[in-house]
Amino acid sequence: MRFFLFLFVSCLLILPPKLQAQEKTPKVDTLHIETSAVCGMCKDRLESELGYVKGVKSVALDLGTKRLTIVYRARKVSEEALRQKVADTGYRADHLPANPEAFMALPACCQAEGCSH
Ligand SMILES: [Cu+2]
């Protein structure tokens, strides 16, 4: 038990300098995510939901390819967090399946492939 406490305290001591080092190199990255978006409503929904995420600079969904292009600051938000946000909005994000509850909350049209809105 003491050992774990020691580890925990060590982590606290080691982490801050690392975070500071990352802050010195502000970097903007671009991430592409394959989604299961089907229509213009999906596009609006995903773009606005992802737009709220801290660290995200811009979001654009190409409905032709269903690909989401996100420009973001890597030191503020991770790729995993961005994919998770897409999944939590009700859409598949690459290999991450959509959150079932969020998916069921989508309008019926948005749950089906081939929606023509
Ligand atoms: Cu839709």
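From a predicted model like this one, the values you see are computed outputs, not experimental measurements. (Residues numbered from 1 in each chain as written. Predicted model: local features only at pLDDT ≥ 70, side-chain atom pairs only at ≥ 80, totals over all residues. Heavy atoms only, no water.)

This part takes up unusual backbone geometry. Non-glycine residue Lys66 carries a positive phi angle of around 60°. One can find Lys66 in the loop between strand S2 (56–62) and strand S3 (67–73). If you check the backbone angles, Asp94 has positive phi at about 55° while not being a glycine. For Asp94, the position within the fold is in the loop between helix H3 (79–89) and helix H4 (100–104). (Helix = DSSP H or I, 4+ residues; strand = E, 2+ residues; numbered from the N terminus.)

Strands sit in the order S1-S3-S2 across an open sheet of 3 strands; the sheet is antiparallel. The strands lining the two open edges of the sheet, one partner per strand, are strand S1 (28–34) and S2. Across the sheet, the mean angle separating the axes of adjacent strands is 15° when strand polarity is ignored. Sheet analysis places S1 next to S3, joined by 7 bridges and oriented antiparallel. What sits directly across from Ile33, in S3, is Leu68. (Pairing = 2+ DSSP bridges. Axes fitted to C-alpha atoms, helices over the stretch in contact; angles between N-to-C directions.)

To continue, consider the pattern of salt bridges. Under the counting rule described, the total for this entry stands at 6 salt bridges. A salt bridge links Lys27 to Asp29; the shortest N-O distance between them is 3.6 Å. Here Asp94 ties to Arg83 by a salt bridge, and the two come within 2.7 Å at their closest N and O atoms. One end of the pair, Asp94, is in the loop between H3 and H4; the other, Arg83, is in helix H3, with 11 residues separating them in the sequence. Summarising the burial analysis for this pair, Asp94 and Arg83 share the class buried. When salt bridges with common partners are traced through the structure, they connect Glu79, Arg83 and Asp94 into a single cluster. (Salt bridge = Lys/Arg side-chain N within 4 Å of Asp/Glu carboxyl O. Buried < 20%, exposed > 50% of the residue type's maximum accessible area, 1.4 Å probe, protein only.)

Now for the nonpolar core. Core analysis: the largest hydrophobic core is formed by 22 residues, its most contacted members being Leu50, Leu68, Ile70 and Leu82. Apart from residues no more than four positions distant in its own chain, Leu68 is found in contact with Leu31, His32, Ile33, Thr35, Leu46, Leu50, Val59, Ala60, Leu61 and Val86. (Core = buried A, V, L, I, M, F, W, Y, C linked by side-chain atoms within 4.5 Å. Contact = heavy atoms within 4.5 Å.)

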